[in-house]
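# Summary of structural features
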Amino acid sequence: MTRLAAIDKNRITADFFDGYAEDFDSIYGSGKDRVSRFINRVFRKSIQKRYELTLNACRDIMGKRVLDVGCGPGHYSVALAKRGAGWVHGIDFAPQMIELARKKAEAMKVSENCLFEVKDFYAIDCNNYDYLILMGFMDYVEDARLCIEKAISLCQVKVFFSFPVSDGILAWQRKIRYKRKCPLYLYSYNDLLRLFYSIPGLKFRIRNLRRDFWVEAWKLQDQARQ
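Here goes a summary of the coordinates provided. Fair warning: this is a prediction, and the values are worked out from it, not measured in the lab.

Below, the discussion takes up the overall build of the protein. Within the protein, the secondary structure is distributed over eight helices and seven strands. Classification of the 226 residues of the protein by burial places 50% in the buried group. Carbon and sulfur atoms make up 51% of the accessible area of the protein, which amounts to about 11,600 Å² in all.

Here is the structure:
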């Protein structure tokens, strides 16, 4: 795929999430509409579960540095900043998401510990982040291996990913819903095994949350930290 084609796909996805920002924000409990809350409980339970798993897995967060890739409206970033993270860097390609994240950090009085900006993940060259979070990001990444390798190269402790499950009624529903909106990439458990085993020097764990796989990964030389 050419660089121009990749930029076009990113622009399509960014435009979609710019328009979706307010509704997306409600998934984590901000929505007041009864129908929205029902849909979130029934069809999006894994989104809440992966949120809880990631926050709990960021052990000893006090003073740590975090990169939240595809940060959306800042739920992970702000929660970790409130728990004592020293520095949280949230990036997204949708400007409206970044604006929501900044407002959330200000409302929770953690804006001094957070930086939110529209930025290309592959342009990040700082490699002293303790944790990287890529939740709901791999859904829209065509070259998953390149993305994983990039994330691992920036991380000192662990990287947390989510990957959308390729089978079942929830996958079918997502395929229909996203068909005319933006590119979407789905995975089976075996897909993930092949993908992560193909990267030398990498350890990982996979959990099936029904709608998503939640994956934690780290470099082999960092195993003593686990």
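Where helix α3 (residues 45-57) contacts helix α4 (residues 75-82), the two axes come as close as 11 Å, and the packing angle between them is 35°. As for how α3 packs across α4, the hand of that crossing is right-handed. Contacts between α3 and α4 involve I47, R50, Y51, T54 and L55 on the former and, on the latter, H75, Y76, A79 and L80.

Before going further, it helps to examine the pairing of strand β6 (residues 202-208). A regular strand places its side chains on the two faces of the sheet in alternate fashion. Of the strand pairs in this sheet, β6 and strand β7 (residues 212-219) are connected by seven bridges, and their pairing is antiparallel. Pairing of I206 across the sheet is with V215, part of β7. Joining the antiparallel neighbours β6 and β7 is a turn of three residues, in which R210 adopts a positive phi near 85°.

The next subject is the state of the cysteines. For the structure on display, the rule yields zero disulfides. Just so you know, C71 is unpaired, no disulfide at all, and the nearest cysteine sulfur is the one on C114, 9.7 Å from it. Take C71: its relative accessible area is 5%, and that puts it in the buried class. In this structure C114 comes out as buried when scored by relative accessible area, which is 10%.

All right, on to helix α5 (residues 95-107) then. Relative to the 18 Å expected for 13 residues at 1.5 Å per residue, α5 spans 19 Å between its end C-alpha atoms, a close match to the ideal helical length. For α5, the set of buried residues is M97, I98, L100, A101, K104 and A105. For α5, the angular spread of the buried residues around the axis is 160°, confining them to a single face. Structural note: α5 exposes E106 and A107 on the side pointing more than 90 degrees away from its buried face. Looking one or two places after α5, you find K109, whose phi comes out positive at around 60°.

A full pass over the atoms with the stated rule returns 13 aromatic pairs. Plain terms: the ring middles of F163 and F196 are 5.8 Å apart, the flat faces sit at 85° to each other, and that makes the pair edge-to-face. In this pair, F163 is assigned in strand β5 (residues 155-164) and F196 in helix α8 (residues 189-197), connecting sequence segments 33 residues apart. F163 gets classed as buried once you look at its relative accessible area, which sits at 0%.

What follows covers unusual backbone geometry. Of note in the backbone geometry, D60 takes a positive phi value of approximately 50° without being a glycine. The topology assignment puts D60 in the loop between α3 and β1 (65-69). Unusually for a residue other than glycine, R210 sits at a positive phi of about 85°. Position of R210 among the secondary structure elements: in the loop between β6 and β7. By relative accessible area, which is 57% here, R210 ends up exposed.

Before going further, it helps to examine the environment of A81. Tracing the chain through its elements places A81 in helix α4. Of the residues examined, A81 reaches a relative accessible area of 9% and is grouped as buried. Spatially, the C-alpha atom of A81 lies 8.9 Å from that of M62, the residues being 19 residues apart in sequence.

Before going further, it helps to examine the side chain of D212. Along the chain, the position of D212 falls in strand β7. Separated by 3.2 Å, the side chains of D212 and R50 make a polar contact. Excluding anything up to four places from it in sequence, D212 contacts S46, I47, R50, F163, P164, V165 and R207.

The rules we used
Residues numbered from 1 in each chain as written. Predicted model: local features only at pLDDT ≥ 70, side-chain atom pairs only at ≥ 80, totals over all residues. Heavy atoms only, no water. Helix = DSSP H or I, 4+ residues; strand = E, 2+ residues; numbered from the N terminus. Buried < 20%, exposed > 50% of the residue type's maximum accessible area, 1.4 Å probe, protein only. Areas by Shrake-Rupley, 256 points an atom, 1.4 Å probe, with all protein chains shown as cover. Axes fitted to C-alpha atoms, helices over the stretch in contact; angles between N-to-C directions. Left-handed = near helix turned anticlockwise from the far one by under 90°. Contact = heavy atoms within 4.5 Å. Pairing = 2+ DSSP bridges. Disulfide = S-S within 2.5 Å. Expected span 1.5 Å × (residues − 1). Arc of directions from axis to C-beta. Phe/Tyr/Trp six-rings, centres within 6.5 Å; stacked < 30°, edge-to-face > 60°. Polar contact = N/O pair within 3.5 Å; in protein donor to acceptor, adjacent residues only side chain to side chain.

So yeah, pure geometry; function would need other evidence.
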